[in-house]
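A structural walkthrough
For reference, the chains in residue letters:
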Amino acid sequence: MVAIKDILEPSLEVLGVRPYKTTKTEEYMSGKMRGHFTNILTLLRKQIMEEADRTVHHMKDDLVNYADPNDRASQEEEFRLELRTRDRERKLLKKIEESLQALTDKEYGYCEVCGVEIGLRRLEARPTATLCIDCKMLDEIRERQQG
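Residues numbered from 1 in each chain as written. Predicted model: local features only at pLDDT ≥ 70, side-chain atom pairs only at ≥ 80, totals over all residues. Heavy atoms only, no water.

On to unusual backbone geometry. The residue Met-29 is not glycine, and still its phi comes out positive at about 60°. Summarising the element assignment, Met-29 is placed in the loop between helix 2 (12-15) and helix 3 (31-61). Phi is positive for Lys-106, close to 60°, though the residue is something other than glycine. Inspection of the secondary structure puts Lys-106 in the loop between helix 4 (69-104) and helix 5 (120-125). We classify Lys-106 as exposed; its relative accessible area is 57%. (Helix = DSSP H or I, 4+ residues; strand = E, 2+ residues; numbered from the N terminus. Buried < 20%, exposed > 50% of the residue type's maximum accessible area, 1.4 Å probe, protein only.)

Structure representation (structure tokens):
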């Protein structure tokens, strides 16, 4: 079973994908490179959907009306945490769909603020990234300053 953190913060190893190796003459976001990221995003989407199915079955199968209030509270807390994780995954799923659409539109891999290349390794670490590292750092600084 895949750990929750692995789905929300995927690595290529967890997805069973090897890092992309570029050739010297290969253009950024070539067809082969777009195929690599389509594969990553599709595998990630599949894992999230499988985990959602497991949650539904788990909640149905493990639903017991405990007489002891402590047992009932523990079960409710477990379900609450699981649903919270699924909500985060639902948001990630939306970003995955947007990234797949950007791949189709050939806009994937470029910063939506400044337009520069996001970078192969950054996209492999965070396939739904829409900002280059510089714009993301500025964005985080602004967030911290605004509270």
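After that view, the rundown keeps rolling.
Time to look at helix 3. When the terminal C-alpha atoms of helix 3 are compared, their 45 Å separation across 31 residues agrees well with the 45 Å that a helix rising 1.5 Å per residue should span. Taken together, the buried positions of helix 3 are Met-33, His-36, Phe-37, Ile-40, Leu-41, Leu-44, Gln-47, Ile-48, Glu-51, Thr-55 and Met-59. (Expected span 1.5 Å × (residues − 1).)

Within the structure shown, the criterion is met by ten salt bridges. Measuring nitrogen to oxygen at the nearest pair gives 2.6 Å for the salt bridge that ties Asp-87 to Arg-90. Remark: Arg-90 and Asp-87 occur in helix 4; sequence separation between them is three residues, near one turn of the helix. What makes Asp-87 partly exposed here is its relative accessible area of 29%. Arg-121 is the salt-bridge partner of Glu-124, the closest N and O atoms lying 2.5 Å from each other. A residue pair is termed a helical-turn pair when its members lie 3 or 4 positions apart in one helix, as Glu-124 and Arg-121 do in helix 5 at three residues. (Salt bridge = Lys/Arg side-chain N within 4 Å of Asp/Glu carboxyl O.)

A few words on the confidence of the model for the protein chain. Mean pLDDT over the protein chain: 87, with 93% of residues reaching 70 or higher. Here helix 1 (residues 4-8) stands out as the element of the protein chain with the lowest mean pLDDT, 51, in contrast to helix 6 (residues 133-146), whose mean of 95 is the highest. This model gives residues 1-5 a pLDDT under 50, and the stretch forms seven contacts once residues within four places in sequence are excluded. (pLDDT = per-residue confidence, 0-100. Contact = heavy atoms within 4.5 Å.)

Moving on to the environment of Thr-22. In this fold, Thr-22 is placed in the loop between helix 2 and helix 3. Residue class for Thr-22 comes out partly exposed when judged on its relative accessible area of 46%. Spatially, the C-alpha atom of Thr-22 lies 35 Å from that of Glu-143, the residues being 121 residues apart in sequence. Residue contacts for Thr-22: discarding those within four places in its chain leaves Met-33 and Leu-120.

Let us now look at the nonpolar core. Soluble, globular proteins show a tendency: their nonpolar side chains are buried together. Core analysis: the biggest nonpolar cluster contains 27 residues, and Met-29, Met-33, Phe-37, Ile-96, Tyr-108 and Leu-123 have the highest contact counts within it. Mapped by element, the contributors of at least two residues to this core are helix 2, helix 3, helix 4 and helix 5. Excluding residues within four positions of it along the chain, Tyr-108 makes contact with Met-29, Phe-37, Leu-41, Ser-99, Ala-102, Leu-103, Leu-123 and Pro-127. (Core = buried A, V, L, I, M, F, W, Y, C linked by side-chain atoms within 4.5 Å.)

On to helix 4. Taking 1.5 Å as the rise per residue, helix 4 with 36 residues should run 52 Å; its terminal C-alpha atoms sit 52 Å apart, in good agreement. Phi turns positive one or two residues past the end of helix 4, at Lys-106, with a value near 60°.

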